[in-house]
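# Residue-level structure breakdown
Listed below are the residues making up each chain.
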Amino acid sequence: MKKIIILALLLCLPASIFAETKDLRIVTLNGTVSEIVFALGKGKLVVGNDTSSLYPPEALALPKVGYQRALSAEGILSLKPSLVLGLEYAGPPEVIEQLKSAGLKVIIYPGLPGVEPALNNILAIGKEIGAEKEAQKIVQDIRKKHSKIAEKVSKLKSKPKVLFVYHRGTSLAQVSGTETPADEMIRLGGGINAVDGFKGFKPITPEAVIAAQPDIILIPSRGLESLGGKDGVFSLPGVKDTPAGKKSRVVAIDDLVLLGFGPRLGQGIEELFESFHPKTSEKK
């Protein structure tokens, strides 16, 4: 009898409820947002994304609409999306306005670095694309991993000074000050940012690097690759004259795992802690 009642109720619901998410054509404007949608099991709904969408491989293979800060309205519109999702970096602003004026549903989420902002974005995107249960599962996993590492961090007697270096292609290498995703990840992983005299990023200088006296150089994997490996890192101005250079301590982690604040955030925090505190990690 119960089964009959439930079936009757389902039949009374409008068909649009079931087709609502199935018929979505999504364009994602940020690598983190792309990864979230795929992690929620809705990757097949994505018809295009920006050039920062490097993971998973299926996302990398999709049509590109430009870099998240330099998007093409024409490129996005040509894909005939019904939903456009991005973070606050998406732009320029006039392109976002063009998309809205064209009648597209455009949702821009906060891009603040931090565990709670990341979890809120995952839950919000999950709700929007009909994957709330999947989002809750990912959030629970991140909370569990973060809680475990946070407890270990609270018991540390000392923390290494970490210098985050950003380098890509022929661009000038830069180091991270405060209020950046790198700064927050260093803290979550049980380290101390070796540079705290400014906010954001600044070009690397030998004097500043030597003055910072980092114990560890932290760099995204693609940045390490663009420098030609560890030797390239130690050839940067001043690095070889630091404790990190003398002890050859370089930590490289996948770009989106390290800086994305997405579905693999818990993994990133764990990897950093294990890299910053190898002796402590061996005791687990």
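Up top you'll find the structure we're talking about.
Note that the structure is a prediction, hence the values are computed from the model and not measured.

### Comments concerning the overall build of the chain
For the chain, the count of helices and strands is 16 helices and 12 strands. Sorting the 284 residues of the chain into buried and exposed places 49% on the buried side. Across the chain, the fraction of contacts at a sequence separation of at least 24, relative to all contacts at a separation of at least 6, is 58%. Counting only carbon and sulfur atoms, one obtains 56% of the accessible surface of the chain, whose full area is about 14,600 Å².

### A few points about the packing of helix H7 (residues 115–128) against helix H8 (residues 132–154)
One way to put it is that H7 packs onto H8 with a least axis distance of 7 Å and a crossing angle of 165°. By the angle between their axes, H7 is roughly antiparallel relative to H8. For the crossing formed where H7 meets H8, the hand is right-handed. In contact with Val115, Glu116, Leu119, Ile122, Leu123, Gly126 and Lys127 of H7, H8 contributes Glu132, Ala135, Gln136, Ile138, Val139, Ile142, Arg143 and His146. A class-by-class count of the residues in the contact of H7 with H8 yields 8 nonpolar, 3 polar and 4 charged.

### So, the packing of H8 against helix H15 (residues 265–276)
Two numbers describe how H8 lies on H15: the axes approach to 8 Å, and their chain directions differ by 25°. With respect to each other, H8 and H15 are oriented roughly parallel. Judged by the twist between their axes, the crossing of H8 over H15 is left-handed. Contacts from Ile142, Lys145, His146, Lys148, Ile149, Lys152 and Val153 of H8 reach H15 at Leu265, Gly266, Gln267, Ile269, Glu270 and Phe273. Its residues placed into classes, the contact of H8 with H15 shows 6 nonpolar, 3 polar and 4 charged.

### Things to note about helix H9 (residues 181–188)
Within H9, 6 of the 8 residues are buried, which leaves it mostly tucked inside the rest of the structure. All buried positions along H9 are accounted for by Ala182, Asp183, Glu184, Met185, Ile186 and Leu188. Looking at the residues trailing H9, positive phi occurs at glycine 190, about 90°.

### Section: the layout of surface pockets
Reported here for the largest pocket is a volume of approximately 850 Å³. Taken together, 34 residues form the lining of the largest pocket, with Asn30, Tyr67, Gln68, Tyr89 and Leu259 sitting closest to its centre. At the level of elements, helix H3 (31–39), H7, strand E7 (161–166), H9 and helix H14 (255–259) are the ones that each hand at least two residues to the lining of the largest pocket. Of the residues assigned to the lining of the largest pocket, the class counts are 18 nonpolar, 12 polar and 4 charged. Mapped onto the domain boundaries, the lining of the largest pocket takes at least three residues apiece from domain 1 (26–111) and domain 2 (158–276). Forming the boundary of the second largest pocket are 14 residues, of which Ser158, Pro160, Arg249, Phe276 and His277 lie nearest the centre.

### Things to note about helix H6 (residues 93–101)
Listing the buried residues of H6 in full gives Val95, Ile96 and Leu99. When H6 is viewed along its axis, its buried side chains cluster within an angular range of 100° and face the same direction. Those residues of H6 that are exposed and aimed more than 90 degrees away from the buried face are Pro93, Glu94 and Ser101. Buried positions along H6 lie against strand E4 (70–71), helix H5 (73–78), strand E5 (83–87) and strand E6 (105–109). In the segment just after H6, glycine 103 is the residue with positive phi, at about 95°.

### Focus on the pairing of E7
Bridge count for E7 against strand E9 (residues 192–193) is 2 bridges, and the pairing is parallel. Each bridged residue has a counterpart across the sheet, and for lysine 161 the counterpart in E9 is isoleucine 192. Alignment of E7 against strand E8 (residues 174–176), held across 2 bridges, turns out to be antiparallel. Pairing of valine 165 across the sheet is with valine 175, part of E8.

### Some remarks on the pattern of salt bridges
In this structure the tally under the stated criterion is 9 salt bridges. Glutamate 270 is the partner of lysine 148 in a salt bridge, and the nearest nitrogen-oxygen pair spans 2.9 Å. Placement of the pair is lysine 148 in helix H8 and glutamate 270 in helix H15, with a sequence separation of 122 residues. A residue is classified by how much of its surface remains accessible, and lysine 148, at 40% relative accessible area, is partly exposed. Looking at glutamate 270, the relative accessible area reads 15%, which means it is buried.

### Looking at the nonpolar core
Grouped together as the largest cluster of nonpolar side chains are 48 residues, with contacts concentrated most on Leu85, Ile125, Ile129 and Leu218. Ranked by residue count, the leading element in this core is H8, at 6 residues. Here this core spans two domains, and each of domain 1 (26–111) and domain 2 (158–276) adds at least three residues to it. Contacts of isoleucine 125, omitting those with residues within four sequence positions, involve Val33, Ile36, Val37, Leu40, Leu85 and Tyr109. Formed by 20 residues, the second largest nonpolar core is a distinct cluster that contains Phe198, Val233, Phe234 and Val250.

Basis of the calculations
- Residues numbered from 1 in each chain as written.
- Predicted model: local features only at pLDDT ≥ 70, side-chain atom pairs only at ≥ 80, totals over all residues.
- Heavy atoms only, no water.
- Helix = DSSP H or I, 4+ residues; strand = E, 2+ residues; numbered from the N terminus.
- Buried < 20%, exposed > 50% of the residue type's maximum accessible area, 1.4 Å probe, protein only.
- Contact = heavy atoms within 4.5 Å.
- Areas by Shrake-Rupley, 256 points an atom, 1.4 Å probe, with all protein chains shown as cover.
- Axes fitted to C-alpha atoms, helices over the stretch in contact; angles between N-to-C directions.
- Parallel < 35°, antiparallel > 145°, perpendicular 65-115°, else oblique.
- Left-handed = near helix turned anticlockwise from the far one by under 90°.
- Nonpolar A, V, L, I, M, F, W, Y, C, P; charged D, E, K, R; others polar.
- 1 Å grid on protein atoms, 1.4 Å probe; cavity = no way out; pocket = protein on both sides within 12 Å on 5 of 7 lines; lining within 4 Å.
- Points joined across faces, edges and corners; volume = space filled by probe spheres on them.
- Domains from an automatic or database assignment.
- Arc of directions from axis to C-beta.
- Pairing = 2+ DSSP bridges.
- Salt bridge = Lys/Arg side-chain N within 4 Å of Asp/Glu carboxyl O.
- Core = buried A, V, L, I, M, F, W, Y, C linked by side-chain atoms within 4.5 Å.

From the geometry alone we can't say anything about function, so treat these as descriptive.
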